[in-house]
Amino acid sequence: MRELVYELARIRLLEQFGHGGARHSRQTMEMLESAIGEVERIFAERSQDIVPPASAAPQFPQTAPSSAPAPPSLAAEAAPPARAPRPTAAPSPFKQSNRSGVFGAAIRPAAVFLVLAIAGAAVFYWQSARSLVTAFQSSPPAPREAAPIERPQAVAEAPAAPPAPAAEPRFPLPSTFGVFVLSDGQLQELKLLPGKVPDRRVAISAAIPIPPQTSVPSGDVKFITFRPELGPDSAGPVEVRVVAKVSRTMGVDSTGTAKMTPGGDSWVIRSASFPFKIGPVEDQPKMLLIQPENEGLVLSPGRYVLVVKGIGYDFSVSGQVTDPNQCVERVNAANGAFYSPCPTREQKPSKR
């Protein structure tokens, strides 16, 4: 029974301190073995005091001592010191047997409780020591007054490097909502055309009596849209359509005679168009960049309209108009108006 209790105490200590330091585990185990040796010594002394005489040995056989060897580190402590037998009178066999049974039944629980108390005291001592070490290590050190550092006056401190300037955009950006045209590094806002631009399958639109209000110096153009409702997915196909000027109008007067009159300030949107594509503006999520699909496209002088979601934004390219698509003639008839391209000038034959 004692050996079982000792082994249980060893196992519990190994489980408790198996993950700790080797030195602390060894010290605790040595304390346990020392306690076990002390219990064995006391038990041996008690056993010598209650050993029955030889005449009573056959009637009351003693329990065989445990064969488990004591740990080598505590062999000296576990060995009971030799003591001279006390001269006592030999009691009667009946009284000796009763005393031995009662004392043995009393010493066994006492020994068990003593070992468990010693093991609990060792565990408590180890936990208290570990908590004190942890608290000492976690406590912040006392602040010390830092001695002033004397710097040599001859060494000048290097000036702080200035912050890197923000990267400038490749072209000017609008500061207000709208649709803008970019030409020769200049940014101009485009005005809306009245009404909705017809589908490209319609050859000629209704007449536009308003002259162009925005003029760019070059036909190498790009556009920037700064409108929250125009996203990359909602803008749809984008194109630039030709706006032709009505050069003259043919009609019939009251006498039935055909008569040609100047077209005046009258324009129409034609089906001739140039495709453009949409892309993002760097570091500007609410802006879109519209540029030609064909790189190197340069619009010839004349009037054009940028069509985004069926809405037209009017502009013109400065210069002498030479594109025949920029000119039409109108014929007013009883059943409506009809348009035709302006005739090209034929070269006259030279005289010999």
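Note that the coordinates shown come from a computational prediction; the quantities given were computed from them, not determined experimentally.

K.L.:
Could you give an account of the state of the cysteines, with specific residues and numbers?
P.N.:
What the rule picks out here adds up to one disulfide. Across the disulfide from Cys327 sits Cys342; the S-S distance is 1.9 Å. Of note, the bridge from Cys327 to Cys342 carries an S-S torsion of about -70° and is left-handed in sense. Of this pair, Cys327 sits in strand S12 (residues 327-333) while Cys342 sits in the segment after strand S13 (336-341), and the two are 15 residues apart along the sequence. Look at Cys327 and you get partly exposed, because its relative accessible area is 22%. Judged by its relative accessible area of 16%, Cys342 is buried.

K.L.:
Tell me about the environment of Gly263, and name the residues and values.
P.N.:
Assignment of secondary structure puts Gly263 in the loop between strand S7 (258-262) and strand S8 (267-281). Each C-alpha atom of the pair Gly263 and Lys245 lies 7.9 Å from the other, and the pair is 18 residues apart in sequence. In this view, Gly263 contacts Val246, Ser247, Arg248 and Thr249; residues no more than four positions away in its chain are not counted.

K.L.:
Report on the pairing of strand S11 (residues 311-317), specifying residues and quantitative values.
P.N.:
With six of seven residues buried, S11 is to be regarded as a mostly interior element. Pairing of strand S3 (residues 191-192) with S11 involves two bridges; the strand directions are antiparallel. Each bridged residue has a counterpart across the sheet, and for Leu192 the counterpart in S11 is Tyr313. Adjacent in sequence and paired antiparallel, strand S10 (residues 302-308) and S11 are bridged by two residues, among which Lys309 carries a positive phi angle near 55°.

So, how was this worked out
- Residues numbered from 1 in each chain as written.
- Predicted model: local features only at pLDDT ≥ 70, side-chain atom pairs only at ≥ 80, totals over all residues.
- Heavy atoms only, no water.
- Disulfide = S-S within 2.5 Å.
- Helix = DSSP H or I, 4+ residues; strand = E, 2+ residues; numbered from the N terminus.
- Buried < 20%, exposed > 50% of the residue type's maximum accessible area, 1.4 Å probe, protein only.
- Contact = heavy atoms within 4.5 Å.
- Pairing = 2+ DSSP bridges.

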